[in-house]
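Each chain is listed here by its residues.
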Amino acid sequence: MTSISQEELRKQRIRALDRNSQEEDNEEEIVQQPWEIVNNPEDIDNIESILKPALLEIWGILWSQDAPEDDRTRWYRQGFVFCEEPCFGLQQGDGGPCGVLATVQAEILRCILFGSRVDGDIDEELVKGKEYNDQSDLPTPTESELQIYLGEALLTILDRARDNREKPLIIVTSNQTPCTLENILNLSIETTDEVSATFSMKKFDEPDDEARCFIASILPQFTAPSGVVIFLMSLLLTRGLETIREDMDDNTATLIGQFGHCSQELMNLCLCGKASSNVFDGTVPMGDSGLTLKGIASQNPVGYLSHLEALRYCQVGSFYKTPLDPIWLIGSTSHFTVLFSQHRSAISESSSEVIFSSVSRAFKAFDPDENG
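Participant: Provide a residue-level description of the confidence of the model for the protein, including the pertinent values.
Facilitator: With 72% of its residues at a pLDDT of at least 70, the protein reaches an overall mean of 81. Helix α12 (residues 264-272) holds the highest mean pLDDT among the elements of the protein, 97, whereas helix α1 (residues 6-21) holds the lowest, 58. Within the model, pLDDT remains below 50 along residues 23-44, and this stretch shows 30 contacts once partners closer than five positions in the same chain are excluded.

Participant: Run through the packing of helix α10 (residues 227-239) against α12, naming residues and quoting values.
Facilitator: Their axes nearest at 12 Å, the elements α10 and α12 cross at an angle of 80°. When the axis of α10 is compared with that of α12, the two are roughly perpendicular. Mapping the contact onto sequence places Leu232, Leu235, Leu236 and Arg239 in α10 and Leu266, Leu269 and Cys270 in α12. Here the contact of α10 with α12 is composed, by residue class, of six nonpolar, no polar and one charged.

Participant: Would you mind going over the pattern of salt bridges in detail, with residue names and values included?
Facilitator: In total, this model carries 16 salt bridges according to the counting rule given. Where Arg162 meets Glu206, a salt bridge forms, and the shortest distance between an N and an O atom there is 3.2 Å. Here Arg162, found in the loop between α5 (143-160) and β4 (169-174), pairs with Glu206, found in the loop between β5 (199-204) and α8 (209-217); they are 44 residues apart in sequence, far enough to count as distant. Residue class for Arg162 comes out buried when judged on its relative accessible area of 2%. Judged by its relative accessible area of 36%, Glu206 falls in the partly exposed class. Salt bridges sharing partners connect three or more residues here, namely Glu107, Arg110, Arg160, Asp325 and Arg344.

Participant: Talk me through the packing of aromatic side chains; I want residue IDs and the actual numbers.
Facilitator: Working definition: an aromatic ring pair is given by the centre-to-centre distance plus the angle between the planes. Taken as a whole and assessed by the stated rule, the structure comprises six aromatic pairs. Residues Trp63 and Tyr76 carry aromatic rings whose centres are separated by 5.7 Å and whose planes lie at 75° to one another, so their mutual orientation is edge-to-face. Here Trp63, found in the loop between α2 (52-62) and α3 (69-76), pairs with Tyr76, found in helix α3; they are 13 residues apart in sequence, far enough to count as distant. Accessibility classification places Trp63 together with Tyr76 in one group, the buried group. Measuring from centroid to centroid gives 5.5 Å for Tyr304 and Tyr320, while their planes differ by 50°, and the two rings are tilted. Residue Tyr304 is located in strand β8 (residues 303-306), and its partner Tyr320 is located in helix α14 (residues 318-321); the two are separated by 16 residues in the primary sequence.

Participant: How would you summarise the state of the cysteines if you had to cite specific residues and measurements?
Facilitator: Any covalent bond linking the sulfur atoms of two cysteines counts as a disulfide. Across all of its chains, the model carries zero disulfides by this definition. The thiol of Cys98 is unpaired, and the distance to the nearest cysteine sulfur, on Cys262, comes to 5.8 Å. Its relative accessible area of 5% is what places Cys98 among the buried residues. Cysteine Cys272 shares no disulfide, and the gap to the nearest cysteine sulfur, in Cys270, comes to 9.6 Å.

Cut-off values and rules
- Each chain has its residues counted from 1, following the order in which its sequence is written.
- Two thresholds apply to this predicted model, a pLDDT of at least 70 for residue-level local features and 80 or more for giving and counting side-chain atom pairs, whereas whole-chain, interface and lining totals are computed over all residues.
- As a rule here, side-chain values cover all heavy atoms of the structure and leave hydrogens and water aside.
- pLDDT: the predictor's confidence for each residue, scored from 0 to 100.
- A run of DSSP states H or I qualifies as a helix once it reaches four residues; a run of E qualifies as a strand once it reaches two. Both are numbered from the N-terminal end.
- We call two residues contacting when some pair of their heavy atoms lies within 4.5 Å.
- The convention used is that axes are lines fitted to C-alpha atoms, helices contributing only their stretch in contact, and that angles between N-to-C directions extend from 0 to 180 degrees.
- An angle counts as roughly parallel when it lies under 35 degrees, as roughly antiparallel when it exceeds 145, as roughly perpendicular when it falls between 65 and 115, and as oblique in every other case.
- Gly is placed with the polar residues, together with every amino acid not listed as nonpolar (Ala, Val, Leu, Ile, Met, Phe, Trp, Tyr, Cys and Pro) or charged (Asp, Glu, Lys and Arg).
- Definition used for salt bridges: Asp or Glu carboxyl oxygen within 4 Å of a side-chain nitrogen of Lys or Arg.
- Note on exposure labels: buried denotes an accessible area under 20% of the residue type's maximum, exposed denotes more than 50%, and partly exposed covers the range between, all computed with a 1.4 Å probe on protein chains only.
- Here a Phe, Tyr or Trp ring, Trp counted by its six-membered ring, pairs with any other such ring whose centre lies within 6.5 Å, and the pair is stacked when the planes are under 30 degrees apart, edge-to-face when over 60, and tilted otherwise.
- Working definition: a disulfide is two cysteine sulfur atoms within 2.5 Å of each other.

If you want it as structure tokens, here you go:
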């Protein structure tokens, strides 16, 4: 592949996204470029079909067997779509997928406000945020820039799920544009191979410019209905279905729970790359039982706060309360939303607070029941 400068690659991605947003009413034949929309993924190198057994296992880890069809349908209808005000906000259509939307929204804000990139670098060209005091001063990226931020956010979450750098980053594609699972799954998934023939996957060793170009080329699949579920399929295959089971305290649990809400395991998978079941720091051994409850292993780029802590049902650890960037997901009774600040002073800790958090974790490692 011919080497292209980062700036030229960025311009190509913007041009491709501009073309994708226009109505397809031009009957002239267009020569397909590597960064243009992929209507037929089989034309791309290293595309592999997703076989029926893998799809059944994916569906089994997402939903319980008795999950109401209405819960599934609400997920099938959701894509990553920006709203009018604020222009960088993701719009939710039905109840259920708000947890996944909120995590992607948080990563988009990291790109806009702090120039965050999937490779850990800071791209000053991406930083659009200014000092502001009210909503009228919020950043206003262009439509093409928003599409780039969305692609970067999706890649960041996928890359975070690779606990082993030798694991590939997997992006699921569909041979239908848009792919509407609600229509495809009208037939029983247990008795047809039609769904299996719909999905393919492409593997990447790193979230490099090639991966960026590819995800930009198929971005309409993520913004169309079922885009959220296609992204979840990519996330599950990247992490590994067996690894996700090992992450959980209860390996028979599902990632989408009652009423179609995101489980804590799914929230943690999106936020920190592991489907752990708790929000405290580290792990907590359960006495002599040999069981260990799994929490958050290290300070996270995005934070998480829960109303359940105010009700004393759980304790959110300092790794989530003081993230690397001043952006938090807020879990309420029936919804997830995003709280953010452009000012890093919101997450600054005094030296005494840092010491207290470290000492608390050390004591809890020896006294998990806090008996004193």
